[in-house]
Amino acid sequence: MKKLIYVLEKTERYLIIFAYITMTIIIFIQVINRNLLHLSVGWFEELARYSMITVIMFSAEVCFRTNDHMRLQIFIEKLPITAKIGVERFNSILIIVFSVVISVGAFQLVKTVAQSSQRTPGLHIPMAIPYFAILIPFIIIAVEEIWRIFTINKNTDEGGTK
């Protein structure tokens with residue numbers, strides 16, 4: 001199981017790196033095309049947009065997994081251990097609820113768009129594909145937070161919340 005998780009995390013990080021590099025190169029080429037060649041290629045903008053969405057959504061998921069998301073840790077650290085565990089669990093429950101709500105909405109959106117056979121205007125790919133960049137990270141965030149609820153006691157007792 002740990003090997004599978006390791007492979008999935010590596011794959012996710014490579015996806016983020018690939019999407020970021022793609023976005024950077026495409027935007028650079030688009031700037032050259034517009035300013036020097038006076039050309040505009042529509043699918044370049046679309047690919048850069050979808051790459052940026054992929055980077056943002058999957059990077060947010062990585063932040064939740066590594067517990068590097070923005071929060072008021074200074075107040076949590078001053079609490080007694082039992083209160084700290086309670087606050088951490090409550091925080092995880094809120095994140096799970098939010099992630100599940102977004103996942104359900106994203107799933108319905110992907111399903112609706114897939115049934116309509118709608119395609120992106122520039123790349124001409126099924127519109128459901130870019131929407132998966134919303135669905136998949138929020139499912140992973142929910143699973144990670146469920147796992148965190150069961151490990152909060154152990155991690156907090158060892159002197160940290162990570």
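Everything below is about the structure shown above.
Report on the accompanying structure. (Residues numbered from 1 in each chain as written. Predicted model: local features only at pLDDT ≥ 70, side-chain atom pairs only at ≥ 80, totals over all residues. Heavy atoms only, no water.)

Considering the overall build of the protein chain
A count of helices and strands for the protein chain gives 5 helices and 0 strands. For 162 residues, the compact-globule formula gives about 15 Å, and the C-alpha radius of gyration of the protein chain, at 20 Å, lies well above that figure. With the C-alpha coordinates of the protein chain rotated into their principal frame, the extents come out at 65 × 40 × 30 Å. A buried classification covers 33% of the 162 residues belonging to the protein chain. (Helix = DSSP H or I, 4+ residues; strand = E, 2+ residues; numbered from the N terminus. Rg over C-alpha atoms; globule rule 2.2 N^0.38 Å. Buried < 20%, exposed > 50% of the residue type's maximum accessible area, 1.4 Å probe, protein only.)

Some remarks on a nonpolar patch on the surface
A contiguous nonpolar patch, built from Tyr14, Ile17, Tyr20, Ile21, Ile25, Phe28 and Ile29 and spanning about 730 Å² of accessible area, is present on the exposed surface. Under the relative-accessibility criterion, Ile17 is labelled partly exposed at 45%. (Patch = residues over 30% accessible without salt bridge, like charges linked within 9 Å, V, L, I, M, F, W, Y side chains within 5 Å. Areas by Shrake-Rupley, 256 points an atom, 1.4 Å probe, with all protein chains shown as cover. Salt bridge = Lys/Arg side-chain N within 4 Å of Asp/Glu carboxyl O.)

Quick word on unusual backbone geometry
Although it is not a glycine, His38 adopts a positive phi angle of roughly 55°. The topology assignment puts His38 in the loop between helix H1 (2-35) and helix H2 (42-65).

Here we look at the packing of aromatic side chains
All chains considered together, the criterion is met by 2 aromatic pairs. Plain terms: the ring middles of Phe98 and Phe138 are 5.9 Å apart, the flat faces sit at 70° to each other, and that makes the pair edge-to-face. In this pair, Phe98 is assigned in helix H4 (residues 81-116) and Phe138 in helix H5 (residues 128-157), connecting sequence segments 40 residues apart. Given the relative accessible area of 48%, Phe98 is considered partly exposed. (Phe/Tyr/Trp six-rings, centres within 6.5 Å; stacked < 30°, edge-to-face > 60°.)

Some details on the environment of Ile149
Mapped onto the fold, Ile149 is located in helix H5. Since its relative accessible area comes to 19%, Ile149 is described here as buried. Along the sequence, Ile149 and Val87 sit 62 residues apart, while their C-alpha atoms lie 11 Å from each other. When sequence neighbours within four positions are dropped, the list of residues in contact with Ile149 reads Arg89, Ser92, Ile93 and Ile96. (Contact = heavy atoms within 4.5 Å.)

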